[in-house]
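Notes for the structure review
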Amino acid sequence: MPAFRDLYDLVKKMMEEEIEKEFNEPLYTYYETDKEIYYIVDVPHLESQTLYIKMENNKLELSCKDKYGKCYHLELPVNNVEKYDVDVVRNKGFIKIILKKKST
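Every chain is numbered on its own, with residues counted from 1 as its sequence reads. Per-residue local features are limited, in this predicted model, to residues with pLDDT of at least 70; the limit for side-chain atom pairs, both in listing and counting, is 80 or more; totals at the level of whole chains, interfaces and linings are taken over all residues. Side-chain measures were taken over the full set of non-hydrogen atoms in the model, leaving aside hydrogen atoms and water.

Here the focus is the overall build of the protein chain. Per the secondary structure count, the protein chain includes 1 helix and 7 strands. What you see in the protein chain, going N to C, is helices and strands ordered as α-β-β-β-β-β-β-β. Only protein chains enter the accessibility calculation, which uses a 1.4 Å probe. A residue is then buried if its area is under 20% of the maximum for its type, exposed if over 50%, and partly exposed in between. For the protein chain, the proportion of its 104 residues judged to be buried stands at 26%. As displayed, the protein chain has an accessible area near 7,900 Å², and 52% of this comes from carbon and sulfur atoms. Counting from the N terminus, the helices are the DSSP runs of H or I reaching at least four residues and the strands are the DSSP runs of E reaching at least two. Computed with the Shrake-Rupley method and a 1.4 Å probe, the accessible areas treat only the protein chains shown as cover for residues.

This brings us to a nonpolar patch on the surface. By definition, no residue in a patch forms a salt bridge, and every one has over 30% relative accessible area; like charges are joined within 9 Å, nonpolar side chains (Val, Leu, Ile, Met, Phe, Trp, Tyr) within 5 Å. By convention in these notes, a salt bridge is any Lys or Arg side-chain nitrogen within 4 Å of a carboxyl oxygen on Asp or Glu. Taken together, the side chains of L7, L10, V11, M14 and M15 present a nonpolar region at the surface, about 480 Å² in accessible area. By the secondary structure assignment, L10 is in helix α1 (residues 2-22). Residue L10 is classed as partly exposed on the basis of its relative accessible area, which comes to 46%.

On to the packing of aromatic side chains, then. Working definition: rings of Phe, Tyr and Trp (its six-membered ring) pair if their centres are within 6.5 Å, and the pair is stacked with planes under 30 degrees apart, edge-to-face with planes over 60 apart, and tilted otherwise. Scanning the model with the defined rule gives 3 aromatic pairs in all. Pairing Y28 with Y39 gives two aromatic rings, centres 6.3 Å apart and planes at 55°, and the pair type is tilted. Of this pair, Y28 sits in strand β1 (residues 27-32) while Y39 sits in strand β2 (residues 36-42); the two residues are 11 residues apart in sequence, bridging distant segments of the chain. Judged by centre distance (4.7 Å) and plane angle (15°), the ring pair of Y31 and Y38 falls under stacked. An aromatic cluster is present here, built from Y28, Y30 and Y39 joined pairwise through their rings.

Take the sheet that holds strand β4 (residues 59-65) next. Across a sheet, paired strands are connected by hydrogen bonds in the backbone, their directions being either parallel or antiparallel. What makes two strands pair is DSSP finding at least two bridges between them. Strand order in the open sheet formed by 3 strands is β3-β4-β5, and the pairing between neighbours is antiparallel. Each of the sheet's edge strands pairs with one partner strand only, and the pair in question is β3 (52-56) and β5 (71-77). Strand-to-strand, the axes of this sheet are offset by a mean angle of 10°, without reference to chain direction. Axis lines are fitted through C-alpha atoms, for helices just across the contact stretch, and the angle between N-to-C directions can take any value from 0 to 180 degrees.

Moving on to the pattern of salt bridges. Summed over all chains, the structure comprises 4 salt bridges. In this structure, the salt-bridge partner of K101 is E32, at a minimum N-O distance of 2.8 Å. Here K101 is found in strand β7 (residues 94-101), whereas its partner E32 is found in strand β1, with 69 residues between them in sequence. The closest approach of N and O atoms between K100 and E36, which form a salt bridge, is 2.7 Å. Taken together, the residues K100 in strand β7 and E36 in strand β2 connect sequence positions 64 residues apart. Overall, E36 belongs to the buried group, its relative accessible area being 16%.

Regular strands place their side chains on alternate faces of the sheet. As paired elements, β3 and β4 share 5 bridges and run antiparallel to each other. Residue pairing for β4: K54 is matched across the bridge by E61. The antiparallel pairing of β3 with β4 creates a hairpin that spans 2 residues between the two strands, and N57 there sits at a positive phi of about 55°.

So, on to the environment of S48. Checked against the element boundaries, S48 lands in the loop between β2 and β3. Between the C-alpha atoms of S48 and K67, which are 19 residues apart in sequence, the distance is 9.3 Å.

Shown next as structure tokens:
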């Protein structure tokens with residue numbers, strides 16, 4: 001019986017580690033209009049003072065923490081946007097990122 005218990009604990013620990021890794025990237029969705037690209041990122045219990053957003057090399061990088069100390073990190077490829085025209089709206093665990101497209 002002890003071998004089963006040890007194997008059970010080992011498998012349980014491995015599964016918990018995989019689940020922890022899986023959720024470090026927050027869920028998000030995006031949509032586009034003629035002039036803008038919108039990303040809506042879901043971070044429950046967001047600590048807004050930990051929110052960090054950076055755009056560089058056609059990549060948008062977002063990192064933050066929730067009130068339980070769990071870290072989130074997301075990298076999104078972005079093309080055809082004005083580099084320094086980024087708007088961020090925070091609302092109840094959602095982060096809305098608005099990127100202005102380059103004028104053609």
